[in-house]
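# A closer look at the structure
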Amino acid sequence: MAMDAREIYVTALKNTHALEMQALQIMERQVERLERYPEMEQALRRHIEETHGQRRRLEEALQSLGDGPSALKEGFLGFVGNMMALGHAPAQDEILKNTYANHAFENFEIAAYESLLTIGEAAGQQAHRTALQQSLKEEQAMAEAVRALIKPTTERYIALTTSGAKADR
Ligand SMILES: [Fe+2]
């Protein structure tokens, strides 16, 4: 059955909303556990605040189209869920796995927003374009922040581990 561009746009808005809800869960769980990596904690706390704004932008766009966010779509988040599950197993290198996963997750979100903006353009939906572009910029900034934290986080992990300290989170 054919879908028109507007329907594709609504579906993409719902999927992106589900992605942001997943992002909030993942980041909140990590922030609660972080003890020895204050820079990562700070980056996550800042991005949690931004993500609430991103969620609201998507909800406003959906409401203006007479729709609301739907339940999580099975399958869509399968990749993300599997990736994030890496970090949940208690392990000495939990911080490293979470860092890799956060980097992947932010880049996943960048792809989702670039695609959403393209779909919105094809559907002639301009009303929320600026807001969604702002969300994309925030994801790009967070992806860069996580990227920049890979080296210092790994160095701190090595220093703690080789001195016999706990370094997991
Ligand atoms: Fe994000």
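All figures in this text were calculated on a predicted structure; none of them were measured in a lab.

About the cut-offs
Residues numbered from 1 in each chain as written. Predicted model: local features only at pLDDT ≥ 70, side-chain atom pairs only at ≥ 80, totals over all residues. Heavy atoms only, no water. Helix = DSSP H or I, 4+ residues; strand = E, 2+ residues; numbered from the N terminus. Buried < 20%, exposed > 50% of the residue type's maximum accessible area, 1.4 Å probe, protein only. Contact = heavy atoms within 4.5 Å. Areas by Shrake-Rupley, 256 points an atom, 1.4 Å probe, with all protein chains shown as cover. Salt bridge = Lys/Arg side-chain N within 4 Å of Asp/Glu carboxyl O. Core = buried A, V, L, I, M, F, W, Y, C linked by side-chain atoms within 4.5 Å. Donors = N, O, S within 2.8 Å, 3.2 Å for Na, K, Ca; no water. Tetrahedral: all angles 85-135°; square planar, octahedral: opposite > 155°, others 65-115°. Phe/Tyr/Trp six-rings, centres within 6.5 Å; stacked < 30°, edge-to-face > 60°. Lys NZ or Arg CZ within 6 Å of the ring centre and 35° of its normal.

### Some thoughts on the overall build of the protein
A count of helices and strands for the protein gives five helices and zero strands. Listing the helices and strands of the protein from first to last along the sequence gives α-α-α-α-α. Within the span of the protein, comprising 169 residues, buried residues form 44% of the whole. Within the protein, residue pairs in contact and separated by at least 24 positions form 80% of the contacts whose partners lie at least 6 positions apart. Surface exposure of the protein reaches about 8800 Å², of which carbon and sulfur atoms provide 53%.

### Looking at the pattern of salt bridges
This model, assessed by the stated rule, comprises 13 salt bridges. The salt bridge involving Arg45 is made with Glu41; its shortest N-O contact spans 2.9 Å. With a gap of four residues between them, Arg45 and Glu41 both fall in helix α2 (residues 38-64), about one helical turn apart. What makes Arg45 partly exposed here is its relative accessible area of 44%. A salt bridge links Asp168 to Lys166, with the nearest nitrogen and oxygen atoms 3.6 Å apart. Relative accessible area serves as the criterion here: at 6%, Asp168 is assigned to the buried category. Put simply, Glu35, Arg36, Lys166, Asp168 and Arg169 are held in one network by salt bridges that share partners.

### What to know about the nonpolar core
One finds Leu34, Tyr37, Met40, Leu44, Ile95, Met142 and Tyr157 to be the most contacted residues of the largest nonpolar core, which totals 24 residues. Sorting the residues of this core by element identifies α1 (5-33), α2, α4 (94-122) and α5 (129-162) as the ones contributing at least two each. Beyond its immediate stretch of four places on either side in the chain, Tyr37 contacts Ile95, Thr153, Arg156, Tyr157, Leu160, Ala167 and Arg169. With 15 residues, the next largest nonpolar core counts Tyr9, Leu13, Leu58 and Leu65 among its residues.

### Thoughts on the environment of Thr130
Mapped onto the fold, Thr130 is located in helix α5. The sequence separation of Thr130 and Leu117 amounts to 13 residues, and the corresponding C-alpha distance is 9.6 Å.

### Here we look at the coordination of the iron ion
Note on metal geometry: ideal angles are 109.5 degrees for four donors arranged tetrahedrally and 90 or 180 degrees for six donors arranged octahedrally. The coordination sphere of the iron ion, as far as protein atoms go, consists of His47 (NE2), Glu106 (OE), Glu109 (OE) and Glu139 (OE), spread over 1.9 to 2.3 Å. Taken together, the four donor atoms surrounding the iron ion define angles of 78 to 159 degrees at the centre, an arrangement classified as irregular. Counting the intervening residues between successive donors of the iron ion yields the motif H-x58-E-x2-E-x29-E. Taken together, the residues Glu106 and Glu109, both in helix α4 and three residues apart, mark about one turn of the helix. Judged by relative accessible area, Glu106 falls into the buried class, the value being 4%.

### Quick notes on the packing of aromatic side chains
Summed over all chains, the structure comprises zero aromatic pairs. Looking at Arg156, its charged tip hangs above the ring of Tyr37, at a distance of 5.9 Å from the centre.

The values reported here are purely geometric and, on their own, carry no functional implication.
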